[in-house]
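Analysis of the macromolecular model
Below, each chain spelled out in residue letters.
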Amino acid sequence: MIELWSWPTPSGQKVHILLEETGLPYKLMPMDADAAPNKRIPVIIDPASTQGPIKLSESGAILLYLAEKAGNFIPTDMAARYMCLQWTMFQIAGLGPAFQHYHYFSQTAPEKSPMAIKRFKQVIQRLAGVLEKRLAEDDALAGTYSIADMAVYPSVAAAAAGAINLDAYPATKRWADKMAARPAVARGMALLRG
Ligand SMILES: N[C@@H](CCC(=O)N[C@@H](CS)C(=O)NCC(=O)O)C(=O)O
C-alpha cells in the first residue's frame, strides 16, 4: 500500500485530493519531513511500483506518478496533456511559492515586513488574474478535470482566506465552488486537519 507523509498545507492537500479521487489505497504515516530529500512534505513511498519500491518527494512529481499509475486525471491527448502540465506547473512554480511567501511574511515571520506582504499579495493577485481568464473560457484548467485543478485548488482556497477576495474573480469562484462540492476534494482538504 502507498505510504503518505503529509500535512494539511496546499503542497500536501493536492496529493490528498488525488489519492481520494483515484481510490488508490494509502496509509498516512506519522509526520516526518526529515524522510524527504529536502525535508519537505509531501512524500510517498509506493512499495508496489512496477520497478520496485519508489520513494518520491515534490508534489508535482507525485501528482504525475499517481495519475499515471491510476491511468486517470491526466489527459492522453497530447495538447490537453501539456495544457494539464502547464497549469500544474503554474501552481508549483508560481502560485504555490507566492502564497507560501505571502503566508510567511504575513503570519509566521517574527517581524512584519509590509513591503514583502505587499509584493507577494501583488504577485498572487496577478496570478489570480491569469487563472480567472482561463477559467472564464473553460470549466477545468486542461479542458477536463485533472491534476491541474487538484494542484491549483488548495492554493486558491488558502489565498482566498487573506490574499485575495474571490468575489473579484467570478469564474475562479464558480470553479472553486464546484471543486469544493466534490466529495474527494472535501475529504482531501480535511485530511489531517484534526
Ligand atoms: N516544492 C515542494 C514544496 C513542499 C513544501 O514546501 N512543503 C512544506 C509544507 S507546505 C514543508 O514541508 N515544510 C516543512 C518545513 O519547512 O520544515 C513540493 O511541491 O512538494
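Structural notes, computed from the coordinates. (Residues numbered from 1 in each chain as written. Predicted model: local features only at pLDDT ≥ 70, side-chain atom pairs only at ≥ 80, totals over all residues. Heavy atoms only, no water.)

Here the focus is the packing of aromatic side chains. Under the defined criterion, the tally for this structure stands at six aromatic pairs. Measuring from centroid to centroid gives 6.5 Å for Phe 99 and Tyr 102, while their planes differ by 40°, and the two rings are tilted. Of this pair, Phe 99 and Tyr 102 both sit in helix α3 (residues 78-108), three residues apart, which is roughly one turn of the helix. For the pair formed by Phe 99 and Tyr 102, the shared burial category is buried. Arranged with centres 5.2 Å apart and planes meeting at 80°, the rings of Tyr 104 and Phe 105 form a pair that is edge-to-face. One aromatic cluster in this structure is built from Tyr 104, Phe 105 and Phe 120. (Phe/Tyr/Trp six-rings, centres within 6.5 Å; stacked < 30°, edge-to-face > 60°. Helix = DSSP H or I, 4+ residues; strand = E, 2+ residues; numbered from the N terminus. Buried < 20%, exposed > 50% of the residue type's maximum accessible area, 1.4 Å probe, protein only.)

Moving on: helix α4 (residues 114-137). The terminal C-alpha atoms of α4, which comprises 24 residues, lie 35 Å apart, in line with the 34 Å expected from a rise of 1.5 Å per residue. Taken as a whole, α4 has its buried residues at Ala 116, Phe 120, Val 123, Ile 124, Leu 127, Ala 128, Leu 131, Glu 132, Arg 134 and Leu 135. In the core, the buried residues of α4 are packed alongside α3, α5 (147-159) and α6 (170-180). (Expected span 1.5 Å × (residues − 1). Contact = heavy atoms within 4.5 Å.)

Under the counting rule described, the total for this entry stands at eight salt bridges. With a closest N to O distance of 2.7 Å, Arg 187 and Glu 20 form a salt bridge. Remark: Glu 20 occurs in helix α1 (residues 10-22) and Arg 187 occurs in helix α7 (residues 183-190); sequence separation between them is 167 residues. Looking at Arg 187, the relative accessible area reads 42%, which means it is partly exposed. Close ionic contact of Lys 178 with Asp 139 constitutes a salt bridge, the shortest N to O distance being 3.7 Å. Here Lys 178, found in helix α6, pairs with Asp 139, found in the loop between α4 and α5; they are 39 residues apart in sequence, far enough to count as distant. Within this structure, Arg 134, Glu 137 and Asp 138 form a network of salt bridges that share partners. (Salt bridge = Lys/Arg side-chain N within 4 Å of Asp/Glu carboxyl O.)

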